[in-house]
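Working through the structure, step by step
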Amino acid sequence: MSVKNRMKSKTRKGNFFEDFYSGMVITHATPRTITSGDQALYTALYGSRFAFSSSDEFARSLGFDRAPIDDFLAFHIVFGKTVADISLNAVANLGYAEGVFGVPLYPGDTVSTVSEVIGVKENSNGKTGVVYVRSTGRNQHGEMVLQYVRWVMVRKREVDAPAPEVIVPDLSLDAAADSLVVTGELNLAGYDYALSGSAYRWGDYSIGERIAHIDGMTIEEAEHQMATRLYQNTAKVHFNQHTESQGRFGRRLIYGGHIISIARALSFNGMENAFKVAAINGGTHVAPTFAGDTIYAWSEVLEKIMLPERDNVGALRVRLIAAKNNNCEEFPLKNSEGRYQEDIVLDFDYTVLMPT
């Protein structure tokens, strides 16, 4: 027997479907200390212009010591920790639910992530299965930064491995007002609408209102590669052209979170005062995107939420739709058969805070 065959491999190939079981808890490797460079690079990638996370002085006027990092940068960093253990062998990331943002995350804070498997279900083809996980990111003080559920379709290592007991969690698809975290220091008495970019407040939006965000952003190969590495996301479908050239599409897929951040940045035009993301209620990556695609977005107000014991800030539940190579002026979504149009790439339900 060769030395190679006698020695146990020290490298990891990630978990396959049959490795997961309900109740499994995974502490993910590589805590991440956030720097101002991370925020600067995030801004360079997406051009987000929300004043709250762009300006220390604006954040101080609202009662904070300085500007926190962008909420979706926090999401990507927490998410990126989980990839090597949860979705390295994934076919697709299917959806999100029950996402709640906790304390703000600042440069200098260190983030760690732990996930619990809350459900498993083998697919009828016997080759893949769906894994449901609840992931929680915490700062160095143990305070919750973000918690969310996602479900992922994962390949099996052995097709003949027995199917596990089916456990599908009962998930809520909306965030109740009392579950939204509004930090105690938030004070909007000094909110400057000239500096924020718009005079429209919570009361100026109505349920059912649709906003086409007009601007588009073309995805460059180098940018999405840089974004994937920024989040330490190790999924080979995003960064390994050698393997993906032999796959279904023949090229690397854009990380779905990259689309979320582009769409959120584009939403500034029309929702400038949606300064803080409070919850992720649900979301679906409808179709793949590739370098060269141009992303546009539109939003629909689904619900207006009054917050307990708060008279200067309200919440909007918003459906954010992203499409590729479609300017969204006609609010594209589904066809007459109820199926998504072929240019829709993201259907995302989230909750934002806005001054009243």
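Structure first, text after, so check above.
Residues numbered from 1 in each chain as written. Predicted model: local features only at pLDDT ≥ 70, side-chain atom pairs only at ≥ 80, totals over all residues. Heavy atoms only, no water.

Right, let's talk about the environment of Asp311 for a bit. Among the secondary structure elements, Asp311 is positioned in the loop between strand S10 (294-306) and strand S11 (313-324). Put simply, Asp311 and Leu188 are 123 residues apart on the chain and 9.8 Å apart in space, counted from C-alpha to C-alpha. (Helix = DSSP H or I, 4+ residues; strand = E, 2+ residues; numbered from the N terminus.)

Bringing the layout of surface pockets into the picture now. Each pocket or cavity is described by its volume, and for the largest pocket that value is around 910 Å³. Surrounding the largest pocket, 38 residues form its lining, Val91, Ala92, Asn93, Val237 and Leu253 being those nearest its centre. The set of elements that each furnish at least two residues to the lining of the largest pocket consists of helix H5 (71-86), strand S3 (90-101), strand S6 (144-155), helix H8 (236-239), helix H9 (241-244) and helix H10 (256-266). Of all the elements, S3 adds the most residues to the lining of the largest pocket, at six residues. The residue inventory of the lining of the largest pocket, partitioned by class, reads 20 nonpolar, 12 polar and six charged. In this structure, the second largest pocket occupies an estimated 160 Å³ of space. Considering the residues around the second largest pocket, the lining is formed by Arg12, Ala29, Thr30, Gly80, Lys81, Ala84, Asp85, Gln232 and Thr234. (1 Å grid on protein atoms, 1.4 Å probe; cavity = no way out; pocket = protein on both sides within 12 Å on 5 of 7 lines; lining within 4 Å. Points joined across faces, edges and corners; volume = space filled by probe spheres on them. Nonpolar A, V, L, I, M, F, W, Y, C, P; charged D, E, K, R; others polar.)

Turning to H10, a few remarks are in order. Counting buried positions along H10 gives 11 out of 11 residues, so the element sits mostly inside the fold. Those residues of H10 lying buried are Gly256, Gly257, His258, Ile259, Ile260, Ser261, Ile262, Ala263, Arg264, Ala265 and Leu266. (Buried < 20%, exposed > 50% of the residue type's maximum accessible area, 1.4 Å probe, protein only.)

Right, let's talk about the nonpolar core for a bit. Of all hydrophobic cores here, the largest spans 53 residues; its most connected members are Phe72, Phe75, Leu316 and Phe348. Ranked by the residues each element gives to this core, the list is headed by H5, at eight residues. Excluding anything up to four places from it in sequence, Phe75 contacts Tyr96, Phe101, Leu146, Tyr148, Tyr255 and Ile280. In this structure, Ala59, Leu180, Phe275 and Ala315 belong to the second largest nonpolar core, which totals 22 residues. (Core = buried A, V, L, I, M, F, W, Y, C linked by side-chain atoms within 4.5 Å. Contact = heavy atoms within 4.5 Å.)

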